[in-house]
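Overview (structure and organization)
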Amino acid sequence: MVTDRISTACLLVVLSQLYKPGLIFLSLLALDIASHWLQMYSTFLTGKASHKDVKDSSSWLFRAYYGNRMFMAYCCVSCEVLYLILFYLSENQTEKLMDVISSNLPKISLLSLLMGTSIFGWAVKQIVNFIQMKTAADVCVLYDIDQKHKN
């Protein structure tokens, strides 16, 4: 997991330098780190055995993501593939991200097919990261409130 996080972080930092606005990639990095850190911390607070134990979550997408390893793998691999494709397509340091995507997606090629199928998995993973961050933050707040009432 650490190697995956570090390699993704490095790739997102590189992409932030290749595309404008670079803040998009840095925001995705911040979302990824914050959501996973909060999830791990809330797991620690609640005493769960795994941060992937989301049976009690109210979000069907969150439960589907962690409940189906193949779906989770598709989303994770989609993110990495999309980032690698964007790195491959970068030609200079002033390119606008949407221009590169819109000019390459309509072309009929293996690369555009990979990009098209990766965008869906990437989008699902970002939504899950946001849900994960919100859910974990709620758990942390409820834990703090409970601890305050005990004292």
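Residues numbered from 1 in each chain as written. Predicted model: local features only at pLDDT ≥ 70, side-chain atom pairs only at ≥ 80, totals over all residues. Heavy atoms only, no water.

It is worth spelling out the overall build of the protein chain at this point. From N to C terminus, the protein chain includes six helices and two strands. Starting at the N terminus and walking to the C terminus, you meet the elements of the protein chain as α-β-α-α-α-β-α-α. Expressed as a percentage of its 151 residues, the buried residues of the protein chain come to 38%. The contacts of the protein chain with a sequence gap of at least 6 include a subset with a gap of at least 24, amounting to 68%. Just so you have it, the protein chain exposes about 9,300 Å², and 69% of that area is on carbon and sulfur atoms. (Helix = DSSP H or I, 4+ residues; strand = E, 2+ residues; numbered from the N terminus. Buried < 20%, exposed > 50% of the residue type's maximum accessible area, 1.4 Å probe, protein only. Contact = heavy atoms within 4.5 Å. Areas by Shrake-Rupley, 256 points an atom, 1.4 Å probe, with all protein chains shown as cover.)

The next point concerns a nonpolar patch on the surface. Where nonpolar side chains cluster on the molecular surface, the patch consists of Val13, Leu23 and Leu26 and spans about 260 Å² of accessible area. The class for Leu23 is exposed, based on a relative accessible area of 60%. (Patch = residues over 30% accessible without salt bridge, like charges linked within 9 Å, V, L, I, M, F, W, Y side chains within 5 Å. Salt bridge = Lys/Arg side-chain N within 4 Å of Asp/Glu carboxyl O.)

As enumerated under the stated definition, the model contains three salt bridges in all. With its nearest N and O atoms 3.6 Å apart, the salt bridge here joins Lys150 to Asp146. In this pair, Lys150 and Asp146 are both assigned in helix α6 (residues 110-150), four residues apart and thus about one turn of the helix distant. The exposed category is assigned to Lys150, whose relative accessible area is 59%.

What follows concerns the side chain of Lys125. With respect to the secondary-structure elements, Lys125 resides in helix α6. Setting aside anything within four residues of it in sequence, one finds Lys125 in contact with Asp32, His36, Tyr65, Cys75, Cys76 and Cys79.

In this section: the nonpolar core. In summary, soluble globular proteins display a tendency toward joint burial of nonpolar side chains. Leu15, Tyr19, Phe25, Tyr83 and Leu86 are the most contacted members of the largest nonpolar core, which has 19 residues in total. For this core, the secondary-structure elements that each account for two or more residues are α1 (2-18), α2 (23-46), α4 (69-89) and α5 (97-104). Here the element with the most residues in this core is α4; it accounts for six residues. Beyond its immediate chain neighbours, meaning those up to four positions away, Tyr19 contacts Phe25, Leu86, Leu89, Ser90, Glu95, Lys96, Leu97 and Val100. By size, the runner-up hydrophobic cluster in this structure holds nine residues, among which are Tyr66, Cys75, Val128 and Ile131. (Core = buried A, V, L, I, M, F, W, Y, C linked by side-chain atoms within 4.5 Å.)

For the pair α2 and α6, the least separation of the axes is 8 Å and the interaxial angle reads 40°. With respect to their mutual orientation, α2 and α6 come out oblique. For the pair α2 and α6, the sense of crossing is left-handed. Taken together, the residues of α6 that come into contact with α2 (itself represented by Leu28, Leu31, Asp32, Ala34, Ser35, His36, Leu38, Gln39, Tyr41, Ser42, Leu45 and Thr46) are Trp122, Lys125, Gln126, Asn129, Phe130, Gln132, Met133, Ala136, Ala137, Val139, Cys140 and Tyr143. (Axes fitted to C-alpha atoms, helices over the stretch in contact; angles between N-to-C directions. Parallel < 35°, antiparallel > 145°, perpendicular 65-115°, else oblique. Left-handed = near helix turned anticlockwise from the far one by under 90°.)

Counting across every chain of the model gives seven aromatic pairs. Judged by centre distance (6.0 Å) and plane angle (40°), the rings of Tyr19 and Phe25 are tilted. Exposure class is identical for Tyr19 and Phe25. Each is buried. With 5.3 Å between their ring centres and 5° between their planes, Trp37 and Tyr41 make a pair best called stacked. Taken together, the residues span about one helical turn, with Trp37 and Tyr41 both in helix α2 at a distance of four residues. An aromatic cluster is present here, built from Phe62, Tyr65, Tyr66 and Phe71 joined pairwise through their rings. (Phe/Tyr/Trp six-rings, centres within 6.5 Å; stacked < 30°, edge-to-face > 60°.)

Next up on the list: α4. If you check α4, its first and last C-alpha atoms are 30 Å apart, about what 21 residues at 1.5 Å a residue would give, namely 30 Å. Among all positions in α4, only Met72, Cys75, Ser78, Cys79, Leu82, Tyr83, Ile85, Leu86 and Leu89 are buried. Taken around the axis of α4, the buried residues stretch over an arc of 160°, which confines them to a single face. The outward face of α4, more than 90 degrees from its buried face, is lined by the exposed residues Met70, Val77 and Tyr88. Between the side-chain oxygen at the start of α4 and the backbone nitrogen of Met70 there is a gap of 3.0 Å, and the oxygen is on Asn68. (Expected span 1.5 Å × (residues − 1). Arc of directions from axis to C-beta. Polar contact = N/O pair within 3.5 Å; in protein donor to acceptor, adjacent residues only side chain to side chain.)

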